[in-house]
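Secondary and tertiary structure notes
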Amino acid sequence: MKRILITGGAGFIGSHLCDRLLEEGNEVICLDNYFTGAKRNIIHLLDNPYFELIRHDVTSSFYVEVDEIYNLACPASPIHYQYNPIKTVKTSVMGAINMLGLAKRIKAKVLQASTSEVYGDPTIHPQPETYWGNVNPIGTRSCYDEGKRCAETLFMDYHLQNRVRIKIIRIFNTYGPRMHPDDGRVVSNFIVQALQGKDLTIYGDGSQTRSFQYVDDLLEGMVRMMQTGDEVTGPINLGNPDEFTILKLAKKVLELTGSKSKLIQLPLPQDDPLQRKPVITEAKIHLNDWEPVVGLDEGLQRTITYFDNLLSK
Ligand code: NAD
Ligand code: UDP
């Protein structure tokens, strides 16, 4: 049995990770300040004696004895990370420093949930880990993109300078049950709008692309990454290479929900990347032939069922 700290553990991905690591027989400490996470995501775990919940902000230091740290604390949706951009940078940068300092002191392995946003609006398509990205340092998305880029720098420097055992994963758009219904990301927006009979809001003409990964596929990759030998530091892309336009996603959601909602166009937000698709060769090589197995129809159906239940409560 390992003792594992998950920062951002009450969020969408973090709460699924808590479930998964507990199911595997570990002890889990979930740390969260509930900025975008919710107690309802982990309420079913509160009676589990191997689960501990701690209200804490990663920008302040934190001491605990654990074997592994998954550092997920950071708002992930543009609406939330732009709400208080200075705090977003602090969360990424100071959170990384605090978790790396802790990992160094207690000799734990530490995994950073980085993002495909480090590639910015990519000029190379699809994106391999060797691509350095095309990021605006002073735009509305910069607090998130540059915060995550700096966190990667810190992870690599702690590894090189202090031999901290690090793992960096670059997560591409991930969706599934427990996304916040109001968090503004495209999958949750479209599903909630379709279920409520509201217009589906397409930003721009909907020709921009994303590659959507179902949360279970990501978890499998994250856990395998943590289990790799110390020589595997990443960064490693974790995403589904199936690429869709936003317009196609909207039509798919209408089809699967049977909704009569209309599609409306709203302005494209600043610096919205035009295309996004991971190269996953590194993940296949280092993570035991890892690749996503849940297709968009199946993943959307599971997510629709979740939101249908949530909204009818
Ligand atoms: P989320 O917003 O549901 O989860 C983030 C969690 O971090 C929330 O529970 C929030 O309350 C917590 N948090 C935020 N600031 C904090 C702070 N200062 N101290 C302590 N806790 C804090 O988002 P998510 O989609 O579950 O994302 C989890 C991680 O994965 C994030 O680091 C995100 O950047 C990364 N990621 C997600 C995606 C995606 O598509 N979902 C893509 C790339 C990267
Ligand atoms: N988007 C959209 N309508 C929405 C929400 C998002 O058309 O209601 C678009 C957004 O402009 C972007 C894509 O969907 O091109 C993915 O947006 P999301 O916020 O989910 O993720 P990110 O832009 O961070 O990849």
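Computed from a prediction, not measured in an experiment: that's the story for all the values here.

1. Some details on the overall build of the chain
A tally of regular secondary structure across the chain gives nine helices and 13 strands. Its C-alpha atoms give the chain a radius of gyration of 19 Å, near enough to 20 Å, the size a compact globule of 313 residues would have. The C-alpha extent of the chain, read off along each of the three principal axes, is 55 × 45 × 40 Å. By residue count, 56% of the 313 residues in the chain fall in the buried class. Intrachain contacts of the chain at a sequence separation of at least 6 include 81% that bridge at least 24 residues.

2. Topic: the site of ligand 2
Neighbouring ligand 2 are 18 residues; Val186, Asn189, Thr201, Arg210 and Asp272 lie closest to it. Between arginine 276 and ligand 2, the recorded distance is 3.4 Å, taken from a side-chain N or O atom to an oxygen atom. Within the complex, the protein chains bury 96% of what would otherwise be the 520 Å² of accessible surface of ligand 2. Breaking the shell around ligand 2 down by element, the ones donating at least two residues are α5 (186-195) and β8 (200-203). When grouped by side-chain class, the residues that make up the shell around ligand 2 number seven nonpolar, five polar and six charged.

3. Observations regarding the environment of lysine 148
On the secondary structure map, lysine 148 appears in helix α4 (residues 142-162). Residue lysine 148 is classed as buried on the basis of its relative accessible area of 4%. Sequence-wise, lysine 148 and arginine 170 are 22 residues apart; in three dimensions their C-alpha atoms are separated by 9.8 Å.

4. Brief notes about the site of ligand 1
Taken together, 30 residues form the shell around ligand 1, and within it Asp32, Thr36, Tyr144, Lys148 and Thr174 come nearest. Asparagine 33 places a side-chain nitrogen or oxygen 3.2 Å from a nitrogen atom of ligand 1. With respect to ligand 1, the backbone of cysteine 74 contributes an N or O atom lying 3.4 Å from an oxygen atom. Within the complex, 97% of the 820 Å² of free accessible area of ligand 1 lies under protein. Mapped onto the shell around ligand 1, the elements with two or more residues apiece are α1 (12-23), α3 (85-106), β5 (109-115) and α4. It is β5 that provides the largest number of residues to the shell around ligand 1, a total of three residues.

Definitions and limits used
- Residues numbered from 1 in each chain as written.
- Chains lettered and ligands numbered in written order.
- Predicted model: local features only at pLDDT ≥ 70, side-chain atom pairs only at ≥ 80, totals over all residues.
- Heavy atoms only, no water.
- Helix = DSSP H or I, 4+ residues; strand = E, 2+ residues; numbered from the N terminus.
- Rg over C-alpha atoms; globule rule 2.2 N^0.38 Å.
- Buried < 20%, exposed > 50% of the residue type's maximum accessible area, 1.4 Å probe, protein only.
- Contact = heavy atoms within 4.5 Å.
- Near = heavy atom within 4 Å.
- Polar contact = N/O pair within 3.5 Å; in protein donor to acceptor, adjacent residues only side chain to side chain.
- Areas by Shrake-Rupley, 256 points an atom, 1.4 Å probe, with all protein chains shown as cover.
- Nonpolar A, V, L, I, M, F, W, Y, C, P; charged D, E, K, R; others polar.

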